[in-house]
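# Residue-level structure breakdown
The primary structure of each chain is shown beneath.
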Amino acid sequence: MSIYVGNLSYDVTEEDLQAVFADYGEVKRVHLPVDRETKRMRGFGFVEMSNDNEEEKAIETLDGAQWMGRQMKVNKAKPREEGGDRRRNFRN
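Report on the accompanying structure. (Residues numbered from 1 in each chain as written. Predicted model: local features only at pLDDT ≥ 70, side-chain atom pairs only at ≥ 80, totals over all residues. Heavy atoms only, no water.)

### Quick word on helix H2 (residues 52-62)
What H2 keeps buried is the set Glu54, Glu55, Ala58, Ile59 and Leu62. Each buried residue of H2 lies within a common arc of 135 degrees when the element is viewed along its axis, so the set occupies one face. For H2, exposure combined with an orientation more than 90 degrees from the buried face picks out Asn53 and Glu60. N-cap assignment for H2: the residue whose side-chain oxygen lies 3.0 Å from the backbone N of Asn53 is Asn51. Two residues or fewer after H2 comes Gly64, characterised by a positive phi angle close to 90 degrees. (Buried < 20%, exposed > 50% of the residue type's maximum accessible area, 1.4 Å probe, protein only. Helix = DSSP H or I, 4+ residues; strand = E, 2+ residues; numbered from the N terminus. Arc of directions from axis to C-beta. Polar contact = N/O pair within 3.5 Å; in protein donor to acceptor, adjacent residues only side chain to side chain.)

### Quick word on the nonpolar core
Within the largest apolar cluster, 20 residues are counted, with the highest numbers of intra-cluster contacts made by Ile3, Val5, Leu8, Leu17, Phe21 and Val47. Once residues lying within four places of it in the same chain are set aside, the contact partners of Ile3 are Phe21, Gly45, Phe46, Val47, Met49, Glu55, Ala58, Ile59, Val74, Asn75 and Ala77. (Core = buried A, V, L, I, M, F, W, Y, C linked by side-chain atoms within 4.5 Å. Contact = heavy atoms within 4.5 Å.)

### A few points about the packing of aromatic side chains
Under the defined criterion, the tally for this structure stands at three aromatic pairs. Taking 6.0 Å as the distance between ring centres and 65 degrees as the angle between the ring planes, the aromatic pair formed by Tyr4 and Phe46 counts as edge-to-face. Here Phe46 lies in strand E3 (residues 44-49) and Tyr4 lies in strand E1 (residues 3-6), a separation of 42 residues in the sequence. By relative accessible area, Tyr4 is classed as partly exposed at 26%. With a relative accessible area of 26%, Phe46 lands in the partly exposed category. Within the aromatic cluster, the residues linked to one another by ring pairs are Tyr4, Phe44 and Phe46. (Phe/Tyr/Trp six-rings, centres within 6.5 Å; stacked < 30°, edge-to-face > 60°.)

### Some remarks on the sheet that holds E3
With antiparallel pairing, the four strands of this open sheet are ordered in space as E2-E3-E1-E6. The open sheet has two edge strands with one neighbour each: strand E2 (27-31) and strand E6 (73-76). In this sheet, neighbouring strand axes are inclined to one another by 20 degrees on average, regardless of whether the strands run parallel or antiparallel. Note that E2 and E3 share four bridges and pair antiparallel. Directly across from Arg29, in E3, lies its bridge partner Glu48. (Pairing = 2+ DSSP bridges. Axes fitted to C-alpha atoms, helices over the stretch in contact; angles between N-to-C directions.)

This is the structure:
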């Protein structure tokens, strides 16, 4: 399982996020996507922990918590939908 962490400050680093989640268990991976054009952080990230119990505890505790001046949104990450042509709804 992966955890989605939203409404993050644009100044947050992977190390910052790892430190917050480390209070709930072993953090295996942190990923903060960046915008392709601006290379700026997009305001959300993903955290993977070593087991489901640790992830559940982190989600329950951190969802809605104030951190770096923002209220975090923390929940189970949903699988990314594959493909999808953005133009499919346009008519020729």
